[in-house]
Amino acid sequence: MKIKHIIFLFLAAILSNSCAEIQSTKTLRLAHSVDTQHPVHNGMIVLGESLERISEGKLKVQIYPNGQLGGERESIELLQMGSLYIAKVSAGVLENFIPEYKVFSIPYLFRDKDHMHDIYDGKVGKGILSQGNKFNLEGLTFYDAGSRSFYTKSTPINSPDDIKDMKIRVMKSNMAIAMINDLGGAPTPISYGELYTALQQGVVSGAENNIPSYFTSKHYEVCKFLSLDEHTSVPDVLVIGTETLKRLSDEEKKWLNQAVEESKVAQRKLWEESEKECLEKAVESGVQVFYPDKKPFQEATVELVNEFKKDPLLGALIQSIQNN
């Protein structure tokens, strides 16, 4: 979808809602690309409810799900132009604009979920969220997007050898592409909305994503082998345009930050529940789940990690995360 067409949709939306947006009420348009059953979407529902309650109806959120206003890259560009107010995007896509986000695509970076959340909410995470200012973007918070694992059509992945010559769909992320290359596969960037058809038609042999996305996208209907190697934990990021921030008063910013915090807490609980439920339903539908030894995968990607440690920016971030 072209940017001009998306802007036209925004203008139409503004005109159609002009009566509702009187001086005493502001509506922040929020776009994302996931399904409305997804726990990340439900976290944003909490955001809207909290913001309306905290502001006593003076500040609201209108959500555009399912990529209605374009893909994640287009959403970022619209934020930068001030045509979109808030977006939920993957850190894997955001890294193409803000290099610090590349660190989250480093394979096997976190020791466990507690370590991951400590990084998101601590000094390192807050520092990364603030790095978007020079790109007209401001990170509000990290939503839990779990860990990404492989799922395939014909054969399961239990070792790096199983990936060799497989076409694996990845996000448009240089780090994700490099990881699949190091594992011996053929990384194939395809937009998320086109992936089901690509899997069905054999354009790719498999993909990698978190459990709720694998299930809610119905990819389990095509790929019956799920290998939980948990190679990366790439968070979702709630991002606001700096142009939008300039239009908010200090009080409105305070309302928004409080609502964001409430939504983050709720989203992480929803995510945990969804992971368990989606895995159970996938197994009931005939999916075979495998738990491969992670060590061979770590060994196969160690050169990639060491290479990025040489980068002054990423090396310092990796060190900070590993020392936390």
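Here, every reference points to the structure presented above.
These remarks concern the structure in this document. What you see is a predicted model; the values in this text were computed from it and never measured.

**Details of the overall build of the protein**
Looking only at helices and strands, the protein has 15 helices and 11 strands in total. Taken over C-alpha atoms, the radius of gyration comes to 20 Å for the protein, in line with the 20 Å a tight globule of 324 residues would show. Counting every position in the protein, which comprises 324 residues, the buried fraction comes to 54%. For the protein, contacts bridging at least 24 residues in sequence account for 75% of all contacts bridging at least 6. Seen as two clouds, the 36 positive and the 43 negative side-chain charges of the protein have centres 4 Å apart.

**Here's the deal with the pairing of strand β9 (residues 225-232)**
With respect to burial, β9 is a largely interior element, 7 of its 8 residues being buried. In terms of strand pairing, strand β5 (residues 148-152) meets β9 through 4 bridges, oriented antiparallel. Paired with Tyr151 across the bridge in β9 is Leu226. Inspection of the sheet shows β9 paired to strand β11 (residues 288-290) by 3 bridges, in the parallel sense. Residue Ser227 lies in a different strand from β11, and its bridge partner there is Phe290.

**Focus: helix α8 (residues 174-182)**
Owing to its 3.6 residues per turn, the α-helix aligns residues three or four sequence positions apart on the same side. Residues Met175, Ala176, Ala178, Met179 and Ile180 constitute the buried set of α8. Where α8 is buried, its residues touch β5, β6 (167-170), β7 (186-189), β9 and α14 (302-309). Just downstream of α8 lies Gly184, where phi reads positive at about 95°.

**Observations concerning the sheet that holds β9**
The strand order across the open sheet formed by 6 strands is β7-β6-β8-β5-β9-β11, and the pairing between neighbours is mixed. Both outer strands of the open sheet, β7 and β11, are each paired with one neighbouring strand and no more. Strand-to-strand twist of the sheet, defined as the mean angle between neighbouring strand axes without regard to direction, takes the value 30°. Strand contacts of α8: β5, β6, β7 and β9, with the helix running at about 155° to β7, the strand carrying the most contacts.

**Here we look at empty space enclosed by the protein**
Enumeration according to the criterion identifies 2 cavities of 30 Å³ or more in this entry. Lining the largest cavity we find Ser105, Arg148, Met171, Ser173, Ala176, Met179, Glu208, Thr232 and Val234. Estimated volume of the second largest cavity: approximately 30 Å³. Every residue along the wall of the second largest cavity is listed here: Ala31, His32, Ser33, Gly70, Gly71, Glu72, Ser75, Lys88 and Val89. Elements supplying a minimum of two residues to the lining of the second largest cavity: α3 (72-81) and β3 (86-90). By residue class, the composition of the lining of the second largest cavity is 2 nonpolar, 5 polar and 2 charged.

**Remarks on the layout of surface pockets**
Size it by volume and the largest pocket reaches roughly 810 Å³. Looking at the largest pocket, it is lined by 35 residues, and the ones nearest its centre are Ser33, Glu72, Arg169, Ser191 and Tyr192. Elements that contribute at least two residues to the lining of the largest pocket include exactly α3, β3, β6 and α10 (211-216). Its residues placed into classes, the lining of the largest pocket shows 10 nonpolar, 15 polar and 10 charged. What the second largest pocket holds in volume is close to 430 Å³. Taken together, 24 residues line the second largest pocket, and the ones lying closest to its centre are Lys113, Ser147, Glu230, Ser233 and Lys294. At the level of elements, α5 (113-121), β9 and α12 (250-284) are the ones that each hand at least two residues to the lining of the second largest pocket. Within the lining of the second largest pocket, the residues separate by chemical class into 7 nonpolar, 9 polar and 8 charged.

About the cut-offs
Residues numbered from 1 in each chain as written. Predicted model: local features only at pLDDT ≥ 70, side-chain atom pairs only at ≥ 80, totals over all residues. Heavy atoms only, no water. Helix = DSSP H or I, 4+ residues; strand = E, 2+ residues; numbered from the N terminus. Rg over C-alpha atoms; globule rule 2.2 N^0.38 Å. Buried < 20%, exposed > 50% of the residue type's maximum accessible area, 1.4 Å probe, protein only. Contact = heavy atoms within 4.5 Å. Lys, Arg positive; Asp, Glu negative; His and termini not counted. Charge placed at Lys NZ, Arg CZ, Asp CG, Glu CD. Pairing = 2+ DSSP bridges. Axes fitted to C-alpha atoms, helices over the stretch in contact; angles between N-to-C directions. 1 Å grid on protein atoms, 1.4 Å probe; cavity = no way out; pocket = protein on both sides within 12 Å on 5 of 7 lines; lining within 4 Å. Points joined across faces, edges and corners; volume = space filled by probe spheres on them. Nonpolar A, V, L, I, M, F, W, Y, C, P; charged D, E, K, R; others polar.

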